[in-house]
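Given next are the chains, with one letter for each unit.
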Amino acid sequence: MTRDEARPAWAWWGGPEEELTLRHAVRILRTAGSLEELVFSGGPPLDRALRHHQTQNRKMGRSDRLLLGTALYALARNRELYRRALPAALPGDGEHLLLALLDGYRGDPGKVPHLPEGPLRWVRLLEGVTALRETWVSTLTAAWKTPVGGLPSSVQDALEGLLGIPLWWVEQGPWDRVGEVVKECARLKKPQRLILRVQPATAVARDAALRRLRAEGIACRPTRRSPWGLVVAERHNVLASPTYREGHVEVQDEGSQLVACLCDPKPGEKVLDFCAGGGGKALALGAAMEGRGSVVAYDADARRLSDARRRARRAGLGNVRVVADAGEVGRAGPYDLVLVDAPCSSSGTLRRNPDVAWRWSEEDVRRLGALQAEILDQAAAFLRPGGTLVYATCSLLEPENGAQVRGFLERRPEFRPAPPGDRKGHAPLLDVPGAGEGAFRLPATLPQYDGDAFFLARFRREG
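Residues numbered from 1 in each chain as written. Predicted model: local features only at pLDDT ≥ 70, side-chain atom pairs only at ≥ 80, totals over all residues. Heavy atoms only, no water.

Colleague: Looking at this model, I keep getting lost on the environment of Asn237. Mind explaining?
Modeller: Assignment of secondary structure puts Asn237 in the loop between β3 (229-232) and α13 (242-245). On a C-alpha basis, the gap between Asn237 and Pro334 in space is 41 Å, while along the polypeptide they are 97 residues apart. (Helix = DSSP H or I, 4+ residues; strand = E, 2+ residues; numbered from the N terminus.)

Below is the structure:
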């Protein structure tokens, strides 16, 4: 048995799924010093910064872009590990990116031309990385059943270093013991596969969409939780696919799809997506309603809605209306269902956005909590008596989840928890451990689940 095979199932460190061309690795990563600095100092979202860098360096080919993206995201997922392995190196010269590439790729340094100070140095650095990682694995394995409160410094160090998350996440998360933290956050270190949602409003159902995509050379399989989802098995340019261009599928995480499922919209109802953003959930709601009734997609940031309009037209959903004016939202109400997909820390999207672990502070989360409470109260005003209000976040953190539910029910006594299945003829869609009646987590460790970590709570407004 190899050392990798002997590791616990949760100890996944990653690596590219495609063969990388390493011939120009040193040159490519040395010219990406600004991205390396961003990982350590914070700033704009990593994906946006990477796209900007690639735009500024138009001569980069596909293999160069793949290599840079692989190294950058490996560094973001293991920032503290590589910082300690290269204590004397200053971010900006590309050495952290090189180490992240070699470690994640498990490549032979002897095959990479022009390595600074020669391959032997990098072999020794990789040995140090492995030793440090295995020390942390042993520490966490020994502390598996330890309560998360008042952890010894060695366990704190191992959690931050191995999982790439700040300690305050552990303290504000939903976990009781160290092993629970490790299992979920280690799962969130594994990069996310691309997930599509079939558009039921078109003539192509999921099985037909699956056959069409496979005929186009795109390997995929159905999601096992969402009834609408497809997981793309390999790296493909799905946006160039005729099936995508014709509006039969949308890019949407399985967790987002399940939020729309758990909203349980009915054909003919009047629905408000109060924080619509790019419109993904509004489109899923409109499709679930079979094109009947109406879905108003609203966002306080009108710039985010431009993509929602385009996507609604491409999907052929005439019952989805994009609205940028709050007054118009009120005039179209009251609503049978209001969804609040609240702005949050996005800590549950760690596998797609590893930079969320170091882009937010505790003070940022406190500010977000105040905003979430304000938005919930605003959205509640648009709901008719007897209607359903759904609050959702892609966050792991209790101040954004359970604390918001408790605070809302205290402020608004006319609302009651409304677990899925309480409406006539509707069976629960998921058997998920609850965070209180009507509130649920979709953890990354949920069996047969491919999505981000989500939290969802349903309320009913009394008559």
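Moving on from the coordinates now.
Colleague: Looking at this structure, how should I read the nonpolar core?
Modeller: Nonpolar side chains tend toward joint burial in soluble globular proteins. With 74 residues, the main nonpolar core has Leu29, Leu99, Leu159, Trp169 and Val181 as its most contacted residues. Here the element with the most residues in this core is helix α5 (residues 62-77); it accounts for 9 residues. The residues touching Val181, leaving out its near neighbours within four places in the chain, are Val148, Leu159, Leu163, Ile165, Val170, Trp175 and Ala186. Judged by nonpolar contacts, the second largest core, of 34 residues, contains Cys263, Leu283, Ala284 and Leu446. (Core = buried A, V, L, I, M, F, W, Y, C linked by side-chain atoms within 4.5 Å. Buried < 20%, exposed > 50% of the residue type's maximum accessible area, 1.4 Å probe, protein only. Contact = heavy atoms within 4.5 Å.)

Colleague: Would you explain empty space enclosed by the protein in this entry?
Modeller: Over the atoms a probe the size of a water molecule is rolled, and this reveals where empty space is left. For the structure shown, the criterion picks out 1 cavity of 30 Å³ or more. The volume enclosed by the largest cavity comes to roughly 50 Å³. Considering the residues around the largest cavity, the lining is formed by Ala76, Arg77, Leu163, Gly164, Leu188, Lys189, Leu350, Pro354 and Ala357. Taken together, the residues of the lining of the largest cavity sort by class into 6 nonpolar, 1 polar and 2 charged. (1 Å grid on protein atoms, 1.4 Å probe; cavity = no way out; pocket = protein on both sides within 12 Å on 5 of 7 lines; lining within 4 Å. Points joined across faces, edges and corners; volume = space filled by probe spheres on them. Nonpolar A, V, L, I, M, F, W, Y, C, P; charged D, E, K, R; others polar.)

Colleague: Where do I start with α5 in this structure?
Modeller: Residue pairs spaced three or four apart in an α-helix point in one direction, given the helix's 3.6 residues per turn. Compared with an ideal rise of 1.5 Å per residue, which puts 16 residues at 22 Å, α5 spans 22 Å between its outermost C-alpha atoms and is within 8% of the ideal. Taking burial as the measure, the 16 residues of α5 include 13 buried ones, the bulk of the element. (Expected span 1.5 Å × (residues − 1).)

Colleague: Got a minute to help me understand the pattern of salt bridges in this structure?
Modeller: In a structure, side chains of opposite charge can pair up when their charged atoms sit close to one another. This structure, assessed with the given rule, holds 31 salt bridges. Between Arg367 and Asp364 there is a salt bridge whose closest N-O contact spans 2.3 Å. With Arg367 and Asp364 both in helix α19 (residues 362-380), this residue pair falls 3 residues apart, about one helical turn. With a relative accessible area of 18%, Asp364 lands in the buried category. Within the structure, one salt-bridge network assembled from shared partners comprises Glu363, Asp364, Arg366 and Arg367. (Salt bridge = Lys/Arg side-chain N within 4 Å of Asp/Glu carboxyl O.)

Colleague: I would appreciate a short explanation of the packing of aromatic side chains in the present structure.
Modeller: In this description, an aromatic ring pair is defined by two values, namely the gap between the centres and the angle between the planes. Summed over the entire model, instances satisfying the criterion amount to 4 aromatic pairs. Taking the centre distance of 5.4 Å and the plane angle of 35° together, the rings of Phe274 and Tyr298 count as tilted. Within this pair, whereas Phe274 is found in the loop between β5 (270-273) and α15 (280-288), its partner Tyr298 is found in strand β6 (residues 294-298), the two being separated by 24 residues in sequence. Each of the two residues, Phe274 as well as Tyr298, counts as buried. Measuring from ring centre to ring centre gives 4.9 Å for Phe408 and Phe459, while their planes differ by 50°; the resulting arrangement is tilted. Residue Phe408 is found in helix α20 (residues 402-411), and its partner Phe459 is found in strand β12 (residues 454-461); the two are separated by 51 residues along the sequence. A relative accessible area of 1% places Phe459 in the buried class. Members of the aromatic cluster, joined through ring pairs, are Phe274, Tyr298 and Phe382. (Phe/Tyr/Trp six-rings, centres within 6.5 Å; stacked < 30°, edge-to-face > 60°.)

Colleague: Just checking my understanding: could you explain the environment of Arg311 for this structure?
Modeller: Relative to the assigned elements, Arg311 resides in helix α16 (residues 305-315). Residue classification places Arg311 among the buried residues on the basis of a relative accessible area of 11%. It is 40 Å that separates the C-alpha atoms of Arg311 and Pro91, two residues lying 220 residues apart in sequence. At 3.0 Å, the side chain of Arg311 and the side chain of Glu250 are in polar contact. (Polar contact = N/O pair within 3.5 Å; in protein donor to acceptor, adjacent residues only side chain to side chain.)

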